[in-house]
Amino acid sequence: MNDSNVQTAGRLLGRIAMAFVQGGVLWWLYRSIEQKTWLSTEHGLLYGLIAAAILLPVAHYLVTDLTTDRRRFWVLPPLALALFGFGWHHGEWTAGDGGESFVFALALIVLVFHALPFVQSWLVNRRLRPDYENLFRFAWRNTLLVAFGGVFSGVFWLLLWVWGSLFRMLGIDFFRDLFDEAYFAIPATSIAAGIGMQLAGSVERLQNVLRNTLLTMLKWLAPLAMLILALFTLTLLVKSPELLLEQRRIISATWLLWLVALTVMLLNTAYQDGKVGAPYPPWLGHAIRFVVPLLVPVALLAAYALGVRIDSYGMTVARGWALLVAALAIAYAGGYAWAALRKGPWMERMGVVNVGVALTTVLLLTLMLSPVLSPERLAANSQYARVLDQQEEDSYRYLRFSSGEYGRVRLRELAKLEDHPEAATIRVAAQTELDRKNRWYGGDESVELGARDFLVFPAGQVVDDELLVALTRAKKDLYLGVCDPSDPCLLLFADLNRDGESEVVIFGDFVAGALRREDGRWTRTAAGVQIGANTGMVDRKAIRKALEQGRYQVRDLGWQVVEIRGNAFVFDDAPPPAGATAPPAGD
């Protein structure tokens, strides 16, 4: 065995050892969460360890094989501290019961994979100023190695699944049971991913072939993106006066940003490392250069649409991240327009723009994953201001559940507010929200509902004890919002099956429910599905206003619905009795 083979075998064994340690740490963390040990309550420590345990070994795999320089080990300690710090901040201040952890993980992965090529270039070239060709190569190398590790792990688990299933057919459950255990599955997956990355990293020729094949295919989608960009921009210019005159809001920042992002990605598949020269026939290359500047008005329009939403409804966490995307979209659009309009080889300065935007991305993500520009902190401050200025009801709920600990701190401040004209009202509303235990519905059946927890329509109807028992029993299935005198739930008495007796419609956060009286008892009959132009969460405030004004009707559409403000709550389990006739339509 020659020195090269010995070195390769040593690296493989070292990677297996590190992957085993990584798997052991991740299993310990998983077990702590599952068994609810002390660590599961220390959210900052828990998330910090998870972030470091997952990403630090991956970064080690991607960096250490590039050079034998001892400086490669200098990279890991500061990276470990940074990962732990970001995870700690997320666990202590921004983690909640929604999808915050997914967004955090995605942002952290984007940050690491944007920063690593600069580190790798520094290690290989021994100078701080990066070379774009190397950055391009390292970025694609990192992406492909991680992808290969994932594919290798997937096939590995497919084989284990077949293994376990074959022996289970013979009455031997040992292997299937073993593979299902976390203490086996987590370390085994870590080891498989590490081996897959090691094997793929040792075959550089394979990486180059796959990269070039993929880029060559995708670059031919760039002309289609340019066509969409040109047609949309020209149509927008024609339709703008009409849209402004009618004051319609049909421009969504989300789709505009997707257009910019996909166009930027496809242009890069053609530009590659900047050495391609002319990736398209001359006529097509010139046409693309003329269309690229149209990215600028699209990016600016997306930022404007986002700004309008923030001005109207305040900052939210999602809008904070969208602002980052919009800022990067403007940077890419302006930079690519400059590259397209310069004389010389095709889009010659795209590499300079890419480097600048990548460094900006690293800086902004670092700030946003820390307290400095945390979207949760910015959203909490914005919603806090909306409460003080407008006493906006939705802002209380957002502070309680959607902006992490930053929001809850602000809500506690509102619960102690003194120096404000509406201080008493704000304190009551803030404390009510702080006492709310569940974001979407009113908890378990042991918490009984009272008549004062409901607002009844039409006036004069009686909420009897039997109905309260039925509502309490059904509230969890209906995702019924917390009902209390300060924020009562809405009940509508209406004849849904034309039998001369009124059923009860209760409006939850996402659906409506119907209850009818049979043999002296109220029973749930159906869920009302919301259809129409304004689907989504039930706007209880708007429905209350419409009910108070009597603007609703029960319509016969083959099934029974309650229609309010253009939305139809459909009840398909309320058949009419034999011989019943449809009532005349009313307003």
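Reading the values: rules and limits
Residues numbered from 1 in each chain as written. Predicted model: local features only at pLDDT ≥ 70, side-chain atom pairs only at ≥ 80, totals over all residues. Heavy atoms only, no water. Helix = DSSP H or I, 4+ residues; strand = E, 2+ residues; numbered from the N terminus. Contact = heavy atoms within 4.5 Å. Expected span 1.5 Å × (residues − 1). Buried < 20%, exposed > 50% of the residue type's maximum accessible area, 1.4 Å probe, protein only. Arc of directions from axis to C-beta. Polar contact = N/O pair within 3.5 Å; in protein donor to acceptor, adjacent residues only side chain to side chain. Core = buried A, V, L, I, M, F, W, Y, C linked by side-chain atoms within 4.5 Å. Patch = residues over 30% accessible without salt bridge, like charges linked within 9 Å, V, L, I, M, F, W, Y side chains within 5 Å. Areas by Shrake-Rupley, 256 points an atom, 1.4 Å probe, with all protein chains shown as cover. Salt bridge = Lys/Arg side-chain N within 4 Å of Asp/Glu carboxyl O. Phe/Tyr/Trp six-rings, centres within 6.5 Å; stacked < 30°, edge-to-face > 60°. Lys NZ or Arg CZ within 6 Å of the ring centre and 35° of its normal.

## Details of the overall build of the protein
In terms of helices and strands, the protein carries 21 helices and 8 strands. Contacts in the protein between residues far apart in sequence, at least 24 positions, make up 70% of those at least 6 positions apart.

## Here we look at helix H13 (residues 295–313)
In this model H13 runs 27 Å from its N-terminal to its C-terminal C-alpha over 19 residues, within 8% of the 27 Å that 1.5 Å per residue would give. Turning to H13, its buried residues number three or more, namely Leu295, Val298, Ala299, Ala302, Ala305, Leu306 and Ile310. Viewed along the axis of H13, the buried residues span an arc of 135°, placing them on a single side of the element. Away from the buried face of H13 by more than 90 degrees, exposed residues Tyr304 and Asp311 are located. Residue Gly314 follows H13 closely and has a positive phi angle near 85°.

## Topic: the side chain of Ser403
Residue position: Ser403 is located in the loop between helix H17 (393–401) and helix H18 (404–415). A relative accessible area of 0% means that Ser403 is categorised as buried. Polar contacts involving the side chain of Ser403 include one to the main-chain carbonyl oxygen of Tyr398, which spans 3.4 Å. When neighbours within four sequence positions are excluded, Ser403 is seen to be in contact with Trp93, Val317, Glu376, Ala380 and Tyr398.

## Some words on the nonpolar core
As a rule of thumb, soluble globular proteins bury nonpolar side chains together. Counting 81 residues, the largest nonpolar core has Leu108, Val292, Tyr336 and Met347 as the members making the most contacts within it. Sorting elements by how many residues they give to this core places helix H14 (residues 317–341) first, with 12 residues. Beyond its immediate sequence surroundings of up to four residues, Met347 is in contact with Tyr271, Arg289, Val292, Tyr336, Ala339 and Ala340. Counting residues in each nonpolar core, the second largest holds 16 residues, with Leu467, Cys483, Ile506 and Trp522 among its members.

## Describing a nonpolar patch on the surface
On the surface, a nonpolar cluster with roughly 1100 Å² of combined accessible area is contributed by Leu158, Trp161, Val162, Trp163, Leu166, Phe167, Met169, Leu170, Ile172 and Phe174. The dominant element in the nonpolar patch, judged by the number of residues it contributes, is helix H6 (residues 132–169), at 7 residues.

## Looking at the side chain of Ser370
By secondary structure assignment, the location of Ser370 is in the loop between helix H15 (350–368) and helix H16 (375–390). For Ser370, a relative accessible area of 14% corresponds to the buried category. Within the local environment of Ser370, its side chain forms a polar contact with the backbone oxygen of Thr366, the two atoms lying 3.3 Å apart. From its side chain, Ser370 meets the backbone oxygen of Leu367 in a polar contact 2.8 Å long.

## Considering the pattern of salt bridges
Counted according to the given criterion, the structure contains 10 salt bridges. In this structure, Arg397 and Glu433 form a salt bridge, with 2.9 Å as the shortest nitrogen-oxygen distance. Separated by 36 residues along the polypeptide, Arg397 in helix H17 and Glu433 in helix H19 (residues 423–435) bring together distant segments of the chain. Salt-bridge contacts for Glu405 lead to Arg412; the nearest nitrogen and oxygen are separated by 2.6 Å. Judged by its relative accessible area of 36%, Arg412 falls in the partly exposed class. Connected through salt bridges with shared partners, the residues Arg168, Asp173 and Asp177 form a single ionic network.

## Focus on the environment of Val387
Here Val387 is to be found in helix H16. Owing to a relative accessible area of 0%, Val387 belongs among the buried residues under this scheme. Setting aside anything within four residues of it in sequence, one finds Val387 in contact with Glu392, Ser395, Tyr396, Leu399, Leu414 and Ile426.

## Let's talk about the environment of Leu111
When you line up the elements, Leu111 lands in helix H5 (residues 100–125). Overall, Leu111 belongs to the buried group, its relative accessible area being 7%. In this structure, the C-alpha to C-alpha distance between Leu111 and Ala358, residues 247 residues apart in sequence, is 9.4 Å. Beyond its immediate stretch of four places on either side in the chain, Leu111 contacts Phe86, Val362, Leu365, Thr366 and Leu369.

## Remarks on the packing of aromatic side chains
Following the criterion strictly, the structure yields 13 aromatic pairs and no others. Seen from their ring centres, Trp163 and Phe179 are 5.2 Å apart, and the 65° between their planes marks the pair as edge-to-face. Placement of Trp163 in helix H6 and of Phe179 in helix H7 (residues 174–180) is noted, with a sequence separation of 16 residues between them. Owing to a relative accessible area of 37%, Trp163 belongs among the partly exposed residues under this scheme. Three or more aromatic residues joined by ring pairs make a cluster, and in this case those are Phe156, Trp157, Trp163, Phe167, Phe174, Phe175, Phe179 and Phe184. Here the basic side chain of Arg400 rests over the ring of Phe401, its NZ or CZ set 4.5 Å away from the ring centre.

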